[in-house]
Amino acid sequence: MYFTRNNYFHGKVRKSNEKVNGLKIFKAELKNGVWTNITSMPFNNDDYNVAHPALSLDEARLYFASDMPGTRGKSDIYYVDILEDGTYGEPVNLGDAINTEGRENFPYISNNGTLYFSSDGHQGLGGLDVFMTKLDDPSQTVTNLGKPINSSRDDFEFIIDEFSNVGYLTSNRYNGKGDDDIYMFSRSFCTQLVSGTTVDKTTNVILPYASVVVLNEKGVEVQNLTSDQNGAFSYEGPCNKQKFNIIASKDGYIQSDQTFVVNPKKKEDVVLKLNLTPETSQPAEVGRDLAEVLKLNPIYFDFDKSNIRPDAELELRKVIDYMQKYPSVRIDVQSHTDSRASDDYNWALSNRRNVSTKQYIIQKGGIAADRLEGRGYGETMLVNRCSNGVKCSEDEHDWNRRSNFIIINR
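Residues numbered from 1 in each chain as written. Predicted model: local features only at pLDDT ≥ 70, side-chain atom pairs only at ≥ 80, totals over all residues. Heavy atoms only, no water.

*Asks:* Could you give an account of the pattern of salt bridges, with specific residues and numbers?
*Replies:* Between side chains of opposite charge, a pair can form as their charged atoms come close. A complete count under the given rule lists 20 salt bridges for this structure. With a closest N to O distance of 3.1 Å, R401 and D398 form a salt bridge. Taken as a pair, R401 and D398 share a single burial class, namely buried. (Salt bridge = Lys/Arg side-chain N within 4 Å of Asp/Glu carboxyl O. Buried < 20%, exposed > 50% of the residue type's maximum accessible area, 1.4 Å probe, protein only.)

Quick look at the structure:
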């Protein structure tokens, strides 16, 4: 058995140079009903943490989390080869596809070879989220498990029997019994067909080979498709009731943005018609808001955060595409907060959001910095009744955490 324990060995507590009692992985053998021969792994160290062991299916590799030197973020996932003579190879970092600048912890290898792990560095719903990747996938595509496995708080230590489809996870989500609670779940493979056609809105002519992206309610991408030569696309998704956003795009057209709901009670397949509007040859007039011109969804921010959300990335890509198409266009980026917290704090927060928005456009789109102006306005330009002291829902506050884009030169 491999297990994690604080750095305690032969009756002594051991600490790092900074006087921290960290974590180490130990191995034990079960002999005559007694755990014995407890051994510290050779890649342990008093000055960093090594934790959360998980064996590969063939038991030839041991996966674990650590903040050892060379770690990309706060903690990364590594593996070591277990050699035939019982010794261990050197730790190998799983790389940038899996490890981020945040925390990657709690690896688990299921009985079909899937690596599950928790991270707060990949795009998620909040706190630590559970993600999965196939170990035999060369691209190492990382997928967020979404709701109800993940919540707005920490969700971790996920395990599942892939054959019975029953598993467990730990979470400090709201309405639990304590802080970290253990939850059991079962997984359903009920699916529902979603299909549709991409067409020119003006002429109703079929548009082949258009890009079609499907997002869940949190803006996390769940499907990335291309319509065929007949403009048709389809996929099978889970039939639990969910709202999705589907975006179609093609060169020379303004992106189509449509919402649909999968409702298993109706037992009906979802059939969509995605209308794309041809782009005009001239940029819009000075003073127009690109939200109107491009039919943007508002660029929302999470409460007390300035990072770009996944749903916001898709909208900012539309802004980038527009600015690339019209290189003379300059934009005034205006960023706002809701009314919670002090005026001074919100002023600073909105300016951080403004910087994040402009940096994304510059770095991801290669847009020159002098084509973007703007600043934060704090809570001075609320779009609804939710001013100081007014009780509002989270959705109502969400409307005020936004960015707008005003054309100041065409």
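*Asks:* Give a detailed account of a nonpolar patch on the surface, specifying residues and quantitative values.
*Replies:* There is a patch of nonpolar side chains on the surface, built from I159, V166, Y168, I182 and M184 and spanning about 480 Å² of accessible area. Relative to the helices and strands, M184 resides in strand 16 (residues 181-186). Judged by relative accessible area, which is 58%, M184 ranks as exposed. (Patch = residues over 30% accessible without salt bridge, like charges linked within 9 Å, V, L, I, M, F, W, Y side chains within 5 Å. Areas by Shrake-Rupley, 256 points an atom, 1.4 Å probe, with all protein chains shown as cover. Helix = DSSP H or I, 4+ residues; strand = E, 2+ residues; numbered from the N terminus.)

*Asks:* Account for unusual backbone geometry, naming residues and giving values.
*Replies:* Geometrically, the link from K147 to P148 is a cis peptide bond, its omega value of 0° lying close to zero. A positive phi is found at K19, a non-glycine position, where the angle reads about 65°. Relative to the assigned elements, K19 resides in the loop between strand 3 (12-13) and strand 4 (23-31). The phi angle at F106 is positive, at roughly 55°, despite the residue not being glycine. Relative to the helices and strands, F106 resides in strand 10 (residues 104-109).

*Asks:* Explain the side chain of S151 residue by residue, including any values.
*Replies:* Inspection of the secondary structure puts S151 in the loop between strand 13 (143-144) and strand 14 (155-161). Of note is the side chain of S151, whose polar atom sits 3.2 Å from the backbone nitrogen of R153. Discounting chain neighbours no more than four positions away, the residues touching S151 are L125, G126, D129, S171 and R173. (Polar contact = N/O pair within 3.5 Å; in protein donor to acceptor, adjacent residues only side chain to side chain. Contact = heavy atoms within 4.5 Å.)

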